[in-house]
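Examining the three-dimensional arrangement
Read off the chains here:
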Amino acid sequence: MDINLIPMKLGYKQKLFFYIFLIFALFTLGVVIFEQTREGRFRTDALKERLDAYTEIIQSQLIESGVQNLDSLMKFFPENLRITIINRNGYVHYDNAISQFTTLENHIKRPEILEAKKNGKGMNVRISNTNNIEYLYYAKKSGDYYIRVALPYNIQIQNFIKADNLFMYFIIALFLTMLLLIHLVTESFGKSVKQFKDHQYRQEITGNIAHELRTPVTSIRGYLETVLEKQLDAEKEQYFIKQAYGQTMVLSELIRDMSLITKIEEAPSAFQLGSVSINEILTELKTDLQVPLQEKGIKMEWDIPENLLICGNQNLIYSIFRNLTDNVISYAGENVNIQISGFYDKQYCHFSFSDDGIGISDEKHLDRIFERFYRVGEGRTRESGGSGLGLSIVKNAVTFHKGSIRARQKESGGLEFLFTLKKV
């Protein structure tokens, strides 16, 4: 089944809001990550400086009186500070947390010692192989020794190293405030753009309507003036009256279609929604158009799942298929075939409405055939007796059902309309 998925398009206000939101969100995220990383680094450096100061004091004591008097320094340090003195070969000469430190295994392979051996200083967080306590280790090379100090890596130390969340809370609050401002700005900007577009748009539509009304009104006036002012025989008089009546039908159709489009655009809540069976719609449509279909030798077939239901308005969905079929009857030629197929996914029903008629030779028209009163050829709509609003009604009705539509020229000849409708 050759039916392409047609994505829903965002309006300009939504696009504007999305792009500004995305830029500001990325900027905010970058600021938060940078600040959290920087503050964490500053706090870690501050802790390093603190531990380095301990090693300086220990180093001075080692130079003055050796390892024997290190216990006298403990009153100057935190109670839980662990001090270890390791010689250049990795053997422990002192450890205030272990009484039998002389029996400890060689420490030369400890990560912090390896880093201190290479860079002069080393830092590491790990569980001690000696007493199974997790420590934050800091080691410093000092002559023939490595002075290592360690603090239990508990909640207190973790919170000290962790960046303060106050800045992040401030940024989030600022972000939410800016989000509200962005929404207000885009709404205001969107209203201004909409007013501007509606004013160009309305002038164009007014001009088009006046132009389209002028033709049938002028014709009706001419026919009736001829009947009233000239002495005609009964046959000619009847002919002119019939012509005037035909033009009143064109005028009535035009007013009806304009009213429908206006109602879809300006009062969508007026349309009642329900569960609509596409097969029932097509069966009714084929019965209603039996005479013109037979006159043109047009065959109409469809392949639609029996359980395919649309959540929508019965009359609008009927108007979609009715106007597409009328388009084939008016412009596709004689002895053509209409083929309708459809399938559905979780959210949408996808349809293909195609014919094998004459189609549209110049593809530049395909993007514009849904415009009001747009003609592929001059006089085409008037000659066929249509209002020139059929495909515009189709697009508006599809959009009302949260779908989208496009047309394409088939390689084998004829036109194909691909559209989606929201399913039940």
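Since we're looking at a predicted model, the values are computed, not measured. (Residues numbered from 1 in each chain as written. Predicted model: local features only at pLDDT ≥ 70, side-chain atom pairs only at ≥ 80, totals over all residues. Heavy atoms only, no water.)

**A short note on the packing of helix H8 (residues 314–331) against helix H10 (residues 390–400)**
- It is at 9 Å that the axes of H8 and H10 come closest, and there the two elements cross at 150°. The orientation of H8 with respect to H10, classified from their angle, is roughly antiparallel. Judged by the twist between their axes, the crossing of H8 over H10 is left-handed. Where H8 abuts H10, its residues Leu-316, Ser-319, Ile-320, Asn-323, Leu-324 and Asn-327 lie against Gly-390, Leu-391, Ile-393, Val-394, Ala-397, Val-398 and Phe-400. (Axes fitted to C-alpha atoms, helices over the stretch in contact; angles between N-to-C directions. Helix = DSSP H or I, 4+ residues; strand = E, 2+ residues; numbered from the N terminus. Parallel < 35°, antiparallel > 145°, perpendicular 65-115°, else oblique. Left-handed = near helix turned anticlockwise from the far one by under 90°. Contact = heavy atoms within 4.5 Å.)

**Describing H8**
- Over its 18 residues, H8 runs 26 Å from end to end, which matches the ideal 26 Å to within 8%, given 1.5 Å per residue.
- Sitting at the head of H8, Asn-313 places a side-chain oxygen 3.1 Å from the backbone nitrogen of Asn-315.
- Backbone geometry just downstream of H8 places Gly-333 in the positive-phi region, at approximately 105°. (Expected span 1.5 Å × (residues − 1). Polar contact = N/O pair within 3.5 Å; in protein donor to acceptor, adjacent residues only side chain to side chain.)

**Examining the sheet that holds strand S12 (residues 415–422)**
- Strand order across the open sheet formed by five strands is S7-S9-S10-S12-S11, with mixed pairing between neighbours. Strands at the two margins of the open sheet, each flanked by one partner only, are strand S7 (299–303) and strand S11 (405–409). Pairs of neighbouring strands in the sheet enclose a mean axial angle of 15°, with direction left out of account.
- Seen against the sheet, helix H6 (residues 278–288) touches S7, strand S9 (337–344) and strand S10 (348–355) and runs at an angle of roughly 175° to S7.
- In this fold H10 packs onto S11 and S12, with an angle of close to 30° to the strand it touches most, S12. (Pairing = 2+ DSSP bridges.)

**A short note on the packing of aromatic side chains**
- Here the structure, examined in full by the defined rule, presents nine aromatic pairs.
- Consider the rings of Tyr-239 and Phe-240, whose centres lie 5.5 Å apart with planes at 75°: the pair is edge-to-face.
- With a relative accessible area of 46%, Tyr-239 lands in the partly exposed category.
- Put simply, the rings of Phe-321, Phe-351 and Phe-419 pair up and form one aromatic cluster. (Phe/Tyr/Trp six-rings, centres within 6.5 Å; stacked < 30°, edge-to-face > 60°. Buried < 20%, exposed > 50% of the residue type's maximum accessible area, 1.4 Å probe, protein only.)

Without other data, these values stay purely geometric and don't point to any function.
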